[in-house]
Amino acid sequence: QPMRLFDEVHRVGVRAHYRASVLAVPLMQRQGGGLIVNTNSPGCVLYAIGVAYGMGKCAVDKMTADTAMELATEGIDVMSWWPGVPMRSEEILQGAVDGGSPRRGLAPGLQLVPPFRSLYHTALATTLRFEGRALAALARDRAGRTRWSGMAVLSAQLGRRYGLVDERGVCPPS
């Protein structure tokens, strides 16, 4: 993979999350606490897209854990948000993340997973509205969210905890 991809993943994914946190923390300190949510994915623990992508995802999860440790005494919670997969979006419908070959991009057993675009209209796909509802519930739960600080959190996990459903009446699975 070209270094350009590595640089892009780390500049856009890792550096942007870090920079946003650096800018937000003083504001949160002045107001007595807050919540930092780093949007991420299971790409750190499961192969997806490529090596550079996975390394970027791991860096965001590590940054989340370390930032949570440093800010724990200041009432600032930090978590890595793993939205449901697949997301109901135009990109998924167009097959943007489908593909791979038996030699590259598919871990053993993943040949059995159907293309994401074929799951778009099923209850397995999450929606932006569900993700928003789960994030809003988490943000409102100041006492409860501390237990998740420093961790990677699956939106479906919190959806079940808070009894949430999407606009279809579905709580997508993890």
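All figures in this text were calculated on a predicted structure; none of them were measured in a lab.

How each quantity is defined
Residues numbered from 1 in each chain as written. Predicted model: local features only at pLDDT ≥ 70, side-chain atom pairs only at ≥ 80, totals over all residues. Heavy atoms only, no water. Helix = DSSP H or I, 4+ residues; strand = E, 2+ residues; numbered from the N terminus. Contact = heavy atoms within 4.5 Å. Areas by Shrake-Rupley, 256 points an atom, 1.4 Å probe, with all protein chains shown as cover. Axes fitted to C-alpha atoms, helices over the stretch in contact; angles between N-to-C directions. Left-handed = near helix turned anticlockwise from the far one by under 90°. Nonpolar A, V, L, I, M, F, W, Y, C, P; charged D, E, K, R; others polar. pLDDT = per-residue confidence, 0-100. Disulfide = S-S within 2.5 Å. Core = buried A, V, L, I, M, F, W, Y, C linked by side-chain atoms within 4.5 Å. Buried < 20%, exposed > 50% of the residue type's maximum accessible area, 1.4 Å probe, protein only. Expected span 1.5 Å × (residues − 1). Bend = angle between axes of the 7 residues up to and from the residue. Lys, Arg positive; Asp, Glu negative; His and termini not counted. Salt bridge = Lys/Arg side-chain N within 4 Å of Asp/Glu carboxyl O.

### A short note on the overall build of the protein
Then step 1. The helix and strand tally for the protein stands at 7 helices and 3 strands.
Then step 2. Along the protein, from the amino end to the carboxyl end, the secondary structure elements read α-β-α-β-α-α-α-α-β-α.
Then step 3. Considering only residue pairs separated by 6 or more positions, the protein has 73% of its internal contacts joining residues 24 or more positions apart.
Then step 4. Accessible surface computed for the protein: about 10200 Å², of which carbon and sulfur atoms make up 60%.

### Things to note about the packing of helix H5 (residues 128-140) against helix H7 (residues 155-162)
Then step 1. Taken N-terminus to C-terminus, the directions of H5 and H7 make an angle of 65 degrees; their axes are 9 Å apart at the nearest point. Here H5 runs over H7; the crossing is left-handed. In contact with Phe130, Glu131, Ala134, Ala137 and Leu138 of H5, H7 contributes Ser155, Ala156, Leu158, Gly159 and Tyr162.
Then step 2. Looking at the contact of H5 with H7 residue by residue, the classes come out as 7 nonpolar, 2 polar and 1 charged.

### What to know about the confidence of the model for the protein
Then step 1. Overall, the prediction assigns the protein a mean pLDDT of 84, with 77% of residues at 70 or greater.
Then step 2. For the protein, the element scoring lowest by mean pLDDT is helix H3 (residues 90-93), at 60; strand S1 (residues 34-39) scores highest, at 96.

### A word on the state of the cysteines
Then step 1. Tallying each qualifying case throughout the model produces 1 disulfide.
Then step 2. Between Cys44 and Cys58 runs a disulfide, and the two sulfur atoms are separated by 2.1 Å. The S-S bond linking Cys44 to Cys58 shows a torsion near 100 degrees; that makes this disulfide right-handed. Of the two residues, Cys44 sits in the loop between S1 and helix H2 (51-71) while Cys58 sits in helix H2, which places them 14 residues apart along the sequence.

### What to know about the nonpolar core
Considering soluble globular proteins, one finds that nonpolar side chains tend to be buried as a cluster.
Then step 1. If you look at the biggest cluster of nonpolar residues, it comprises 11 residues: Leu35, Met79, Trp81, Phe130, Ala134, Ala137, Leu138, Trp148, Val153, Leu158 and Leu164.
Then step 2. For this core, the elements supplying multiple residues, two or more each, are strand S2 (76-82) and H5.
Then step 3. For this core, the element with the most residues is H5, which contributes 4 residues.
Then step 4. Formed by 7 residues, the second largest nonpolar core is a distinct cluster that contains Ala68, Leu71, Ile76 and Val78.

### Here's the deal with helix H1 (residues 3-31)
Then step 1. Relative to the 42 Å expected for 29 residues at 1.5 Å per residue, H1 spans 41 Å between its end C-alpha atoms, a close match to the ideal helical length.
Then step 2. The sharpest bend along H1 reaches about 35 degrees and sits at Arg15.
Then step 3. Turning to H1, its buried residues are Val9, His10, Val14, His17, Ser21, Val25 and Met28.

### With respect to the environment of Glu8
Then step 1. Along the polypeptide, Glu8 turns up in helix H1.
Then step 2. What makes Glu8 partly exposed here is its relative accessible area of 37%.
Then step 3. With 44 residues separating them along the chain, Glu8 and Ala52 place their C-alpha atoms 9.1 Å apart.

### Describing the side chain of Lys57
Then step 1. Following the sequence through the fold, Lys57 ends up in helix H2.
Then step 2. Of the side chains with opposite charge, Asp61 comes closest to the buried, unpaired Lys57, at an N-O distance of 8.3 Å.
Then step 3. Look past the residues within four positions of Lys57 in its chain and what remains in contact with it is Asn40, Ser41, Gly43 and Cys44.

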